[in-house]
Amino acid sequence: MVTKPEFDPAFLSQARLGIISVLITVEEATFPELKELLKLTQGNLGAHLRWLEEAGYVNVRKEFVGRKPRTIASLTESGRAAFKCHIATLEAILRNGER
Amino acid sequence: MNTEVASNDLMYIREVLDRTHRSIDQSAWPFVLWGTIVLFWYPIHNLMFLNVLPNWWRQLLIFALGVGFAGMILIGRRMKRRSGYVVGEKTFVGKQVTRVCSWYVGAAVLLSVLGPSSGIIPGPQVPVVWGFAYAHMVFGVGVSTDSRQYLVSAAAIFAGSMLAMAFTQFNGLILGPCMGLGMLVPGVISMRRAKRRTMAEENSGDKA
């Protein structure tokens, strides 16, 4: 009997997959940087970041540069581990064919 | 999930990773700035020593460095205001490039000061020290970014530095074009590539 692979719901959205992919490359990224790289709208990006933060995959902190607030996102250890696991699952699917 | 979806997801991840890594291309502007300065500075300096021009080398040095550092601050501020720019500098490659450049420029500054004062490097050979430092720096950038244009430029600057060492009297006239164009050309290529990529992505209406 072949067991179906379990997918982390965090990666079922391409936007969230993109956010994690950027954060795996850089230690941290600001909100405008993510928005520019992923071509997402402000509201969309904000919603997905909150989703990932609540899942414990992304750490979001706010700081002020002068009077302007700045949102900075970074990947947590569990986010990194989950991403690696997801990549391994995708590779396994491609190796074994459709499940 | 089927193989098509898995394949699409992996392709998307690769695309995002590539986009993030390649954003380093936008950070090539210091090469364009210093390349342009050196292209004119070294030959003019050389002509002063050959008595073709009035010998105002100190004023020229202050002017060239002033334009360079003011440019670094002003252009740097302007570029950082563009969204998505800074991310290139925060990548692993971006950090390696910064380390490589800091090391060679730092070493060249130290040698330019200590060399002539200790008598180990004759004063007129100081531009050659910078030539070799630039050649190694550009080579390091080429290796870090895996860009052929930097590797070719490094070879050209290195060859120019060897030639300049043999013809000390004309070293500025040799090094100016070699070092200047050796930084200017790969810098412009990198920036144009970044611009082309941005335009292509905008035109394709790529949405994540």
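Structure shown above.
Everything numeric here is computed off the predicted structure, so don't read it as measured data.

(A) Up close: the sheet that holds strand E1 (residues 28-30) of chain A. All names here are of chain A. Read across the open sheet, the three strands follow the order E1-E3-E2; overall the sheet is antiparallel. Because the sheet does not close on itself, it has two edges, and the strands there are E1 and strand E2 (58-65). Looking at each pair of strands side by side, their axes are set apart by 30° on average, direction ignored. On the sheet, helix H2 (residues 31-38) packs against E1 and strand E3 (68-75) and is oriented at approximately 85° with respect to E1. Of the strands in this sheet, E2 and E3 touch helix H3 (residues 42-54), which is tilted by about 125° from E2.

(B) Here's a closer look at the packing of aromatic side chains. In the structure shown here, the tally under the stated rule is seven aromatic pairs over all chains. Geometrically, the ring pair formed by Trp34 of chain B and Phe69 of chain B is edge-to-face, given 5.5 Å between the ring centres and 70° between the ring planes. With Trp34 of chain B in helix H2 (residues 29-49) and Phe69 of chain B in helix H3 (residues 57-81), this residue pair connects regions lying 35 residues apart in the sequence. Judged by centre distance (5.4 Å) and plane angle (65°), the rings of Phe132 of chain B and Phe158 of chain B are edge-to-face. Taken together, the residues Phe132 of chain B in helix H6 (residues 126-145) and Phe158 of chain B in helix H7 (residues 148-166) connect sequence positions 26 residues apart. Judged by its relative accessible area of 37%, Phe158 of chain B falls in the partly exposed class. A network of ring pairs unites the aromatic residues Phe11, Tyr57 and Phe83 of chain A as a single cluster.

Rules and cut-offs
- As a convention, each chain's residues are numbered from 1 in the sequence order in which they are written.
- Each chain takes a letter, starting from A, and each ligand takes a number, starting from 1, following the order in which they are written.
- At least 70 in pLDDT is required for a residue's local features to be given in this predicted model, at least 80 for side-chain atom pairs to be given and counted, and no such filter applies to totals for whole chains, interfaces and linings, which use all residues.
- Computation of side-chain values: all heavy atoms of the structure, hydrogens and water removed.
- Strands qualify as paired when DSSP identifies two bridges or more between them.
- Only DSSP runs of H or I reaching four residues or more are called helices, and only runs of E reaching two or more are called strands; each is numbered from the N terminus.
- Lines fitted to C-alpha atoms define the axes, with helix axes restricted to the stretch in contact, and inter-axis angles between N-to-C directions lie between 0 and 180 degrees.
- Any two residues whose heavy atoms approach within 4.5 Å are treated as being in contact.
- A pair of aromatic rings is counted whenever rings of Phe, Tyr or Trp (Trp by its six-membered ring) have centres within 6.5 Å, and the orientation is called stacked for planes under 30 degrees apart, edge-to-face for over 60 and tilted otherwise.
- Residue burial is assigned from relative accessible area. The probe radius is 1.4 Å, only protein chains are included, and a residue is buried under 20% of its type maximum, exposed over 50%, and partly exposed in between.

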